[in-house]
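# Analysis of the macromolecular model
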Amino acid sequence: MASAGAGGGAAGEGEWLKVAELRAVVQAQDPRAKEVDNLSLRRFLRARDHNVEKAAAMFLKFLKWRWEAAPDGFVPEERVRRELAQDKAWMGGVDRSGRPILVGFLARHYSADRDMPEYKSFVVYFFDKICARIPRGQEKFLAIVDLQGWGYANCDVRAYIASIEIMQNYYPERLGKALMINVPYIFVKVWKTMIYPFIDTNTRDKFVFVEDKNLHETLRQEIDETQLPEYLGGKMPLIPLKDYVQQPESA
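This text gives an overview of the structure that appears in the document. (Residues numbered from 1 in each chain as written. Predicted model: local features only at pLDDT ≥ 70, side-chain atom pairs only at ≥ 80, totals over all residues. Heavy atoms only, no water.)

## Re the pattern of salt bridges
- The tally for this structure, following the rule as stated, stands at 19 salt bridges.
- Between R43 and E139 there is a salt bridge, and its shortest N-O distance comes to 2.7 Å. Here R43 is found in helix α2 (residues 38–47), whereas its partner E139 is found in the loop between α5 (116–132) and β3 (141–146), with 96 residues between them in sequence.
- Judged by its relative accessible area of 6%, E139 is buried.
- With a shortest N-O distance of 3.5 Å, R81 and E77 are connected by a salt bridge.
- Owing to a relative accessible area of 33%, E77 belongs among the partly exposed residues under this scheme.
- By sharing partners, the salt bridges in this structure join E15, R42, R43, R46 and E139 into a single network. (Salt bridge = Lys/Arg side-chain N within 4 Å of Asp/Glu carboxyl O. Helix = DSSP H or I, 4+ residues; strand = E, 2+ residues; numbered from the N terminus. Buried < 20%, exposed > 50% of the residue type's maximum accessible area, 1.4 Å probe, protein only.)

## Here's the deal with the sheet that holds β3
- Read across the open sheet, the six strands follow the order β5-β4-β3-β2-β1-β6; overall the sheet is mixed. Whereas interior strands pair on both sides, the edge strands pair on one side only; in this sheet they are β5 (207–209) and β6 (239–240).
- Inspection of the sheet shows strand β1 (residues 89–94) paired to β6 by two bridges, in the antiparallel sense. Bridge pairing in β6 places M91 opposite I239.
- Along the sheet, helix α7 (residues 185–195) makes contact with β4 (175–181) and β5, crossing β5 at roughly 150°. (Pairing = 2+ DSSP bridges. Contact = heavy atoms within 4.5 Å. Axes fitted to C-alpha atoms, helices over the stretch in contact; angles between N-to-C directions.)

## Side note on the pairing of β3
- Burial analysis of β3 places six of its six residues in the buried class, which makes it a mostly covered element.
- On β3, burial covers both faces: F141, A143 and V145 on one face and L142, I144 and D146 on the other are all buried.
- Here strand β2 (residues 100–105) runs beside β3; their pairing, made up of five bridges, is parallel. Bridging across to β3, V103 finds its partner in I144.
- The parallel pair β2 and β3 is bridged by α5, and the resulting crossover is right-handed. (Right-handed = clockwise from strand over helix to strand, strands pointing away.)

Shown next as structure tokens:
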């Protein structure tokens, strides 16, 4: 188990006392909570504005979901092979804060070809992969969501909402920022009317729609040139998720 003070940003004694209170509540109701470290519990606590009762309900729901979504502790590649083959999720470098970068290409997703159970497993698969890359002392990742070429055939509101709900409910306080780039006007309308209402207030500000004229400047504010994806003018080659192999953590 991670120690209470291990990385993850500043926390006062009062917050750790709340974490201890949360642990006592959830372990009394589900013994599996003993396997979860304090930093994870703190993320659930922060996601519910330090309300222990609400955080406990959220966390217990997570434990039940996790057992159903990944009973072996992970989603096997075989379950998401068709989604992986579409190459819509890629691994990048790290941003200036040391957060690992996940790049998504939404124009490679087609609603007509989507099987929702497999898609939800795929969402768990890529969230697990990117979270495994988060280094000690950091708890979040950065996403670049590229909408170049996106059109009606790619519009899949059910899938978008499912992704956001999985992230909000089961990976709280993991997304640092999502840079939405090359955004067509029609997507903005879909987002505002059909997706935005499903995003909780703690998450909404993390989605940043970057104007085309500010793309170069915004990316370089967030990411050093050596870590910026090559296709966006940087020097870091992207790795498709299906080819990504987790590197062992150095001692």
